[in-house]
Amino acid sequence: MLDNQPRGTIVIEDIEMGMSRYLHKVITDEDIEKFAEVSTDHNPVHLDDDYAQDTIFQGRIAHGMLTAGLISAVIGEQLPGHGTVYMSQSLKFLAPVRPGDLVRAEVTVTDIEHSKRRVKLDCACTIDGKKVLVGEAMVLAPSGKFD
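Residues numbered from 1 in each chain as written. Predicted model: local features only at pLDDT ≥ 70, side-chain atom pairs only at ≥ 80, totals over all residues. Heavy atoms only, no water.

A. Structural view of helix α1 (residues 29-39). Where α1 is concerned, the buried positions are Asp-31, Ile-32 and Ala-36. Seen from one end, α1 has its buried residues packed into an arc of 135°, which puts them on one side. Away from its buried face by more than 90 degrees, α1 exposes Glu-33, Lys-34, Glu-37 and Val-38. Contacts from the buried residues of α1 go to β2 (20-26), α2 (44-47) and α4 (64-77). With its phi angle positive at about 65°, Thr-40 sits one or two positions after the end of α1. (Buried < 20%, exposed > 50% of the residue type's maximum accessible area, 1.4 Å probe, protein only. Helix = DSSP H or I, 4+ residues; strand = E, 2+ residues; numbered from the N terminus. Arc of directions from axis to C-beta. Contact = heavy atoms within 4.5 Å.)

B. Broad picture of the pairing of strand β6 (residues 130-140). Here strand β3 (residues 85-93) runs beside β6; their pairing, made up of eight bridges, is antiparallel. Looking at the pairing, Ser-90 lines up with Glu-136 of β6. In this sheet, β6 lies alongside strand β5 (residues 118-127) in antiparallel orientation, the contact comprising 10 bridges. Within β6, the residue paired with Arg-118 across the bridge is Leu-140. Hairpin remark: β5 followed by β6, antiparallel, with two residues in the connecting loop; positive phi at Asp-128, about 50°. (Pairing = 2+ DSSP bridges.)

Following this line, the structure appears as structure tokens:
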């Protein structure tokens, strides 16, 4: 996984409007198989080449929530990072992600409510600059005053 910042925490007192973090990850067959096992979602569109060939996707695709999990990784590891608590997440899936795709997951701060430690984040996953997932997250950011 390649990202633009080291893992850790950015406390609410240091978060700024427009701040952004991202990671890149190639989605592998193993990722899809492990996600199916953990989630118990064994839909053949994800796991069976022959079945998936006859779908509108004309081939296997990754689970949408596997892709969304990359957003969670950026939030939980980089911005705000360790100690962050999810409050909500909206998602819209725009295009399939396939085994071998290099996905860029990025979050950007769009609103900060310092008194409640709430941070609103624009979320997007792209492949070669094309958006495949968009959404918005609201998180409770850690504070240097309590840690």
